[in-house]
Amino acid sequence: MPVGELSRYRTSIGVPKTHLLDIGSDLETENVSLPTQFKPEFRLEKTNLLAESWKKWDQIPVGFLQHLDLRKSVYGYIGLEDYTLFPLIRPGSLVEIDANQRKISTEKWNTEFDRPIYFVELRNGYVCSWCQLDRGQLIVIPHPHSHQDVRRFDHPLRQKS
């Protein structure tokens, strides 16, 4: 969608229901700085942190992204070739990351919808998956329907139970 047409669509992201903004809203005249161009080395096939992927920022009408704050929040992009949590998280998805969550939870969960999902930085990129720590290893667990393999990585710190 061309940037010049954004105010015409006046939709909001991040609210429970999709809706049009009030026609008389002052948001149409307000702008926010937002990334509009990826760096040349950005690859849609790879899972990445969005903050490290932008080349250019432009002014965008606030009404278009009313509840999205890319400067204060952390977002990740799930690569087009990353099927780790498919069908829960589809390739090409944007995910919001809780930057305060830095440890893998040992709490019990009942269903795959209760199980915490982690956006993990690896030496050669990122992965968004279920995780657990076991005997000094980080275990990256894919969704059973994804047909991906469980992966193990050495983890420098053992998590206390």
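What counts and how
- Residues numbered from 1 in each chain as written.
- Predicted model: local features only at pLDDT ≥ 70, side-chain atom pairs only at ≥ 80, totals over all residues.
- Heavy atoms only, no water.
- Pairing = 2+ DSSP bridges.
- Helix = DSSP H or I, 4+ residues; strand = E, 2+ residues; numbered from the N terminus.
- Axes fitted to C-alpha atoms, helices over the stretch in contact; angles between N-to-C directions.
- 1 Å grid on protein atoms, 1.4 Å probe; cavity = no way out; pocket = protein on both sides within 12 Å on 5 of 7 lines; lining within 4 Å.
- Points joined across faces, edges and corners; volume = space filled by probe spheres on them.
- Nonpolar A, V, L, I, M, F, W, Y, C, P; charged D, E, K, R; others polar.
- Core = buried A, V, L, I, M, F, W, Y, C linked by side-chain atoms within 4.5 Å.
- Buried < 20%, exposed > 50% of the residue type's maximum accessible area, 1.4 Å probe, protein only.
- Contact = heavy atoms within 4.5 Å.
- Salt bridge = Lys/Arg side-chain N within 4 Å of Asp/Glu carboxyl O.
- Phe/Tyr/Trp six-rings, centres within 6.5 Å; stacked < 30°, edge-to-face > 60°.

## Digging into the sheet that holds strand β4 (residues 74-77)
Part 1 of the argument: Strand order in the open sheet formed by three strands is β2-β4-β5, with antiparallel pairing between adjacent strands. Each of the sheet's edge strands pairs with one partner strand only, and the pair in question is β2 (48-49) and β5 (94-97).
Part 2 of the argument: One ladder, built from four bridges, connects β4 with β5; its direction is antiparallel. Opposite G76, over in β5, you have V95 as the bridge partner.

## Observations concerning the sheet that holds strand β6 (residues 118-122)
Part 1 of the argument: Strand order in this open sheet of four strands is β6-β7-β8-β9, and the pairing throughout is antiparallel. Looking along the sheet, the strands with just one partner apiece sit at the ends: β6 and β9 (151-154). For this sheet, the mean angle separating the axes of adjacent strands, direction not counted, is 55 degrees.
Part 2 of the argument: Where β6 meets strand β7 (residues 125-134), five bridges bridge the pair, whose relative direction is antiparallel. Each bridged residue has a counterpart across the sheet, and for V120 the counterpart in β7 is V127.

## Details of empty space enclosed by the protein
Part 1 of the argument: Within the structure shown, the criterion is met by two cavities of 30 Å³ or more.
Part 2 of the argument: The volume enclosed by the second largest cavity comes to roughly 30 Å³.
Part 3 of the argument: I78, D82, T84, L85, I89 and C128 together form the lining of the second largest cavity.
Part 4 of the argument: Looking at the lining of the second largest cavity, its residues break down into four nonpolar, one polar and one charged.

## A word on the nonpolar core
The tendency in soluble globular proteins is for nonpolar side chains to be buried side by side.
Part 1 of the argument: Formed by L49, I78, L85, I89, V95, I97, F119, Y126, C128, W130, I139 and I141, the largest nonpolar core amounts to 12 residues.
Part 2 of the argument: The set of elements that each furnish at least two residues to this core consists of β5, β7 and β8 (137-141).
Part 3 of the argument: Take this core: its biggest share by element is three residues, from β7.
Part 4 of the argument: Other than its neighbours up to four places away in sequence, L85 contacts I117, C128, S129, W130, I141, P142 and H143.
Part 5 of the argument: Grouped together as the second largest cluster of nonpolar side chains are eight residues, I104, V120, L122 and V127 included.

## So, the pattern of salt bridges
Part 1 of the argument: Within this structure, the stated rule accounts for one salt bridge.
Part 2 of the argument: A salt bridge links R135 to D134, with the shortest nitrogen-to-oxygen separation between them at 3.2 Å.
Part 3 of the argument: Since its relative accessible area comes to 24%, D134 is described here as partly exposed.

## With respect to the packing of aromatic side chains
Part 1 of the argument: What the rule picks out here adds up to five aromatic pairs.
Part 2 of the argument: An angle of 5 degrees between the planes, with centres 4.0 Å apart, marks the rings of F38 and F42 as stacked.
Part 3 of the argument: Take F38: its relative accessible area is 33%, and that puts it in the partly exposed class.
Part 4 of the argument: Chaining the aromatic ring pairs together yields one cluster made of F38, F42, W54 and Y77.

By themselves, these are just geometric observations and shouldn't be taken as functional.
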